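One-letter residues, chain by chain:
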Amino acid sequence: MLFLALGFPYSLAQSCLAELQGDTSAESFAEVATGRDAAQLLKRAVDVLEPVMPAFPSSNLTALNYIALDDPAYKDAEFLAKRYLLPAGWRPDELNQEIWSTMLKWFSAWYDLDPPRYAESLTKGELIADLEALINLASPKGRAVALVAANNRRQNDLAFLGLIRLGGVYPRLIVVRPPLVTIDINQSLKNVFPYLENCAIKLENYIYAPSDTARQLFLAHNDSKMYIVALAPEDLAESFNVPLGDEVSYFEYQAALLAQSQKFVAVFEGRAPNPLQITRMLPQIRTNMGPREILSMFGQ
């Protein structure tokens, strides 16, 4: 097998190898990696473990001084720098053990983990093996719940679809553009799972509610403010405050800002629903989670 021939652990042959490899040919695995390769591969790992990961409020962009704006790797490097994953000593044309181990260490810290291994030869294949091992350890740390809202469940009329990301470095609501195909949510709400999962995020739980009830879970009061803080596949330059009263058009992907987006992250400023409000909504909700689990998701 190719993995054994290159000296990789057998676990590399499963899980997220395809996502990490991307367009990197297997024949090039033995090539020495550059800083560009490291940035590209780490960006792929972040996308797998933390889809639509927002930028941090402040970041160290020093390393971006050493890469041209039109460099094919610039966007990957910028993405990492805005999430504190690009050391100041990173350079696009070279890679050393200190820089790679720092990148792995910082990413592992998001999950309170020590890096499982370090590449010894800094080949592209070894970097992929490092990231694969880290994904296998980190993926159980980030739980997620499917959020399904429908105008009419019996007619499979989906209003919006979301992934409530629990745990990890940035708990958040990821709103997903509904697919063009009809999903049979009338038969089983778990039929949405394939549209929300990836190789590292596997779903077991769901929350279903009529569209109005689902929105109330997040927009609990008239003074609540909704912000969009990340988009995918493109990155977002700065957070966007959704005008009050326009939230539905964003949830349902009718807003011009979302024309090229498949996913976005929404955060909310304002008073969260209190336990009594959530309890009153429970009869309208269908879920395979217990009431205590639902309350804990909203900080109650």
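Residues numbered from 1 in each chain as written. Predicted model: local features only at pLDDT ≥ 70, side-chain atom pairs only at ≥ 80, totals over all residues. Heavy atoms only, no water.

Focus: the state of the cysteines
- What the rule picks out here adds up to one disulfide.
- The partner cysteine of Cys 16 in its disulfide is Cys 199, sulfur to sulfur 2.0 Å. Judged by the sign of its S-S torsion, about 110°, the cystine formed by Cys 16 and Cys 199 is right-handed. Of the two residues, Cys 16 is situated in the loop between helix H1 (2-5) and helix H2 (17-21) and Cys 199 in the loop between strand S3 (172-176) and strand S4 (205-210); the sequence distance between them amounts to 183 residues. Of the two residues, Cys 16 and Cys 199, neither departs from the other in class, the shared state being buried. (Disulfide = S-S within 2.5 Å. Helix = DSSP H or I, 4+ residues; strand = E, 2+ residues; numbered from the N terminus. Buried < 20%, exposed > 50% of the residue type's maximum accessible area, 1.4 Å probe, protein only.)

A word on the sheet that holds strand S7 (residues 263-269)
- In space, the eight strands of this open sheet follow the order S6-S5-S7-S3-S2-S1-S4-S8, with mixed pairing throughout. Only two strands of the sheet have a single neighbouring strand rather than two, namely strand S6 (240-242) and strand S8 (286-287).
- Both S3 and S7 contribute to a ladder of four bridges, which runs antiparallel. The partner of Leu 173 across the bridge, within S7, is Ala 266. (Pairing = 2+ DSSP bridges.)

Notes on the packing of helix H5 (residues 97-109) against helix H6 (residues 124-138)
- One way to put it is that H5 packs onto H6 with a least axis distance of 11 Å and a crossing angle of 15°. Relative to H6, the element H5 is oriented roughly parallel. The handedness of the crossing between H5 and H6 comes out as right-handed. Only Leu 127, Asp 130, Leu 131 and Leu 134 of H6 make contact with H5, whose side of the interface consists of Trp 100, Leu 104, Phe 107 and Ser 108.
- Class assignment for the residues of the contact of H5 with H6 results in six nonpolar, one polar and one charged. (Axes fitted to C-alpha atoms, helices over the stretch in contact; angles between N-to-C directions. Parallel < 35°, antiparallel > 145°, perpendicular 65-115°, else oblique. Left-handed = near helix turned anticlockwise from the far one by under 90°. Contact = heavy atoms within 4.5 Å. Nonpolar A, V, L, I, M, F, W, Y, C, P; charged D, E, K, R; others polar.)

A short note on the side chain of Lys 43
- Along the chain, Lys 43 turns up in helix H3 (residues 35-49).
- Taking relative accessible area as the criterion, Lys 43 reaches 17% and is therefore assigned buried.

Focus: H5
- The end-to-end C-alpha separation of H5 is 18 Å, in line with the 18 Å expected for 13 residues at 1.5 Å each.
- Those residues of H5 that sit buried are Ile 99, Trp 100, Ser 101, Thr 102, Met 103, Leu 104, Phe 107 and Ser 108.
- Next to the buried residues of H5 lie H3, helix H4 (74-81) and H6.
- Where H5 begins, the side chain of Asn 96 points an oxygen toward the backbone nitrogen of Glu 98, at a separation of 3.1 Å. (Expected span 1.5 Å × (residues − 1). Polar contact = N/O pair within 3.5 Å; in protein donor to acceptor, adjacent residues only side chain to side chain.)

Overview of the pairing of S7
- Bridge count between strand S5 (residues 225-232) and S7: seven bridges; the pairing is antiparallel. In the sheet register, Tyr 227 faces S7, and the bridge partner there is Val 267.

Observations regarding the pattern of salt bridges
- Throughout the structure, instances matching the rule amount to nine salt bridges.
- In this structure, the salt-bridge partner of Glu 50 is Arg 165, at a minimum N-O distance of 3.5 Å. A residue pair is termed long-range when its members are at least 10 positions apart, and Glu 50 in the loop between H3 and H4 and Arg 165 in strand S2 (residues 157-165) qualify at 115 residues.
- What makes Glu 50 buried here is its relative accessible area of 0%.
- Looking at Arg 165, the relative accessible area reads 1%, which means it is buried.
- The residue Glu 50 makes a salt bridge to Arg 172 at a minimum N-O spacing of 3.0 Å. Separated by 122 residues along the polypeptide, Glu 50 in the loop between H3 and H4 and Arg 172 in strand S3 bring together distant segments of the chain. When sorted by exposure, Glu 50 lands in the same class as Arg 172, which is buried.
- Salt bridges sharing partners connect three or more residues here, namely Arg 36, Asp 71 and Asp 93. (Salt bridge = Lys/Arg side-chain N within 4 Å of Asp/Glu carboxyl O.)

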